[in-house]
Amino acid sequence: MKGGYQVKSSFSGFLGIAYLLGKIGDAYRDQVAEYLGTTVNVGPSHITLYQGRLRDVPAEQVESALADADMLSGAEVRLGQVALYGSRYIFWDVYRVPGQCDIWQATQQLAASHLIPYLDPDQPALRQKMVISEPCLGNIRKTGYALFGTEIRPHVTVAVVESGQACHLDLPAVVWAAIWLQGPSLVRLGANGSVEEVLVP
């Protein structure tokens, strides 16, 4: 055991590298949901750097990926616009400070280079026929994650809604908040990208 977590030699499943935002992040996110009049249904608040379906990734490669992602630890991120993504997801986007997006993109590519995804041709995002751009669809097919590379979009997911409900929300909106990133974690993801389990803190 390591800090209460079981040490594994390899990892498989729908996994992600994420920055968990803790109770402060949860409180901020819940206030945004209340403002919008919707219900939070996505688990602990977090910002995902990368996600994908992985098979038997050695623990050493996971540690290398987390070490690269740790370059963003301690960074202040400002959250601003709240907008709909893919007709179902309410994203609270990280404000694009000049130069910071380049750092996010470089960190994502470094971290993900240690994690070779299993590219399921029948991935959930493709089955759901989400309304997303062609570059994002291309990323799903190539890397397993829509918001990769030039399409990177750091955000906190506030909620997932049905398409019919989305049209009644007053979006986009702007809600400002600032939060400092803690160290990245390897997490097991569930429905709609929610964090089900922390595998490596």
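Small disclaimer: the values here were computed from a predicted structure and weren't measured.

The rules behind these values
Residues numbered from 1 in each chain as written. Predicted model: local features only at pLDDT ≥ 70, side-chain atom pairs only at ≥ 80, totals over all residues. Heavy atoms only, no water. Helix = DSSP H or I, 4+ residues; strand = E, 2+ residues; numbered from the N terminus. Expected span 1.5 Å × (residues − 1). Buried < 20%, exposed > 50% of the residue type's maximum accessible area, 1.4 Å probe, protein only. Arc of directions from axis to C-beta. Contact = heavy atoms within 4.5 Å. Pairing = 2+ DSSP bridges. Axes fitted to C-alpha atoms, helices over the stretch in contact; angles between N-to-C directions. Phe/Tyr/Trp six-rings, centres within 6.5 Å; stacked < 30°, edge-to-face > 60°. Lys NZ or Arg CZ within 6 Å of the ring centre and 35° of its normal. 1 Å grid on protein atoms, 1.4 Å probe; cavity = no way out; pocket = protein on both sides within 12 Å on 5 of 7 lines; lining within 4 Å. Points joined across faces, edges and corners; volume = space filled by probe spheres on them. Nonpolar A, V, L, I, M, F, W, Y, C, P; charged D, E, K, R; others polar.

Structural notes on helix α3 (residues 100-112)
Three- or four-residue spacings in an α-helix give side chains the same orientation, since the helix completes a turn every 3.6 residues. An ideal rise of 1.5 Å per residue puts 18 Å on 13 residues; α3 measures up with 18 Å between its terminal C-alpha atoms. For α3, the full list of buried residues reads Gln100, Cys101, Trp104, Gln105, Thr107, Gln108, Ala111 and Ala112. Taken end-on, α3 shows its buried residues confined to a sector of 165°, consistent with a single buried face. Looking at the packing, one finds that the buried side of α3 touches β1 (10-20), β2 (46-58), α2 (59-69), β3 (76-85) and β4 (89-94).

A word on the sheet that holds strand β6 (residues 173-180)
Ordered by their spatial adjacency, 4 strands build an open sheet running β5-β4-β3-β6, and the pairing between neighbours is antiparallel. Of all the strands in the sheet, just β5 (155-160) and β6 have a single pairing partner and so form its edges. Looking at each pair of strands side by side, their axes are set apart by 25° on average, direction ignored. Bridging between β3 and β4 involves 5 bridges; their strand directions are antiparallel. By the bridge assignment for β4, Tyr85 is matched with Tyr89.

Things to note about the packing of aromatic side chains
Here the structure, examined in full by the defined rule, presents 6 aromatic pairs. Ring geometry for Tyr50 versus Phe148: centroids 6.1 Å apart, planes at 80°, classification edge-to-face. Of this pair, Tyr50 sits in strand β2 while Phe148 is found in the loop between α5 (134-143) and β5, placing the two residues 98 residues apart along the sequence. Taken individually, Tyr50 and Phe148 each receive the classification buried, so the pair is uniform in this respect. Ring plane angle 15° and centroid distance 4.8 Å describe the contact between Tyr85 and Phe91, whose orientation is recorded as stacked. Both residues of the pair, Tyr85 and Phe91, belong to the buried class. Here the aromatic residues Tyr50, Tyr145 and Phe148 are joined through ring pairs into a cluster of three or more. The ring centre of Phe14 lies 4.6 Å from the NZ or CZ of Arg53, which sits over that ring.

Focus: empty space enclosed by the protein
In the structure shown here, the tally under the stated rule is 2 cavities of 30 Å³ or more. Of the volumes computed, that of the largest cavity is approximately 40 Å³. Forming the boundary of the largest cavity are Val94, Tyr95, Arg96, Val97, Gln100, Cys101, Trp104 and Pro154. The element contributing the most residues to the lining of the largest cavity is α3, with 3 residues. Residue composition of the lining of the largest cavity, by class: 6 nonpolar, 1 polar and 1 charged. Taken as a whole, the second largest cavity holds about 30 Å³ of empty space. Around the second largest cavity, the lining residues are Thr48, Leu49, Gln108, Tyr145, Leu147, Ile152, Arg153 and Pro154. When grouped by side-chain class, the residues that make up the lining of the second largest cavity number 5 nonpolar, 2 polar and 1 charged.

Focus on the environment of Cys136
With respect to the helices and strands, the residue Cys136 is situated in helix α5. Remark: the alpha-carbon pair of Cys136 and Gly25, spanning 111 residues in sequence, is separated by 27 Å. Every residue in contact with Cys136, bar those within four places of it in the chain, is listed here: Tyr85, Ala146, Leu147 and Glu151.

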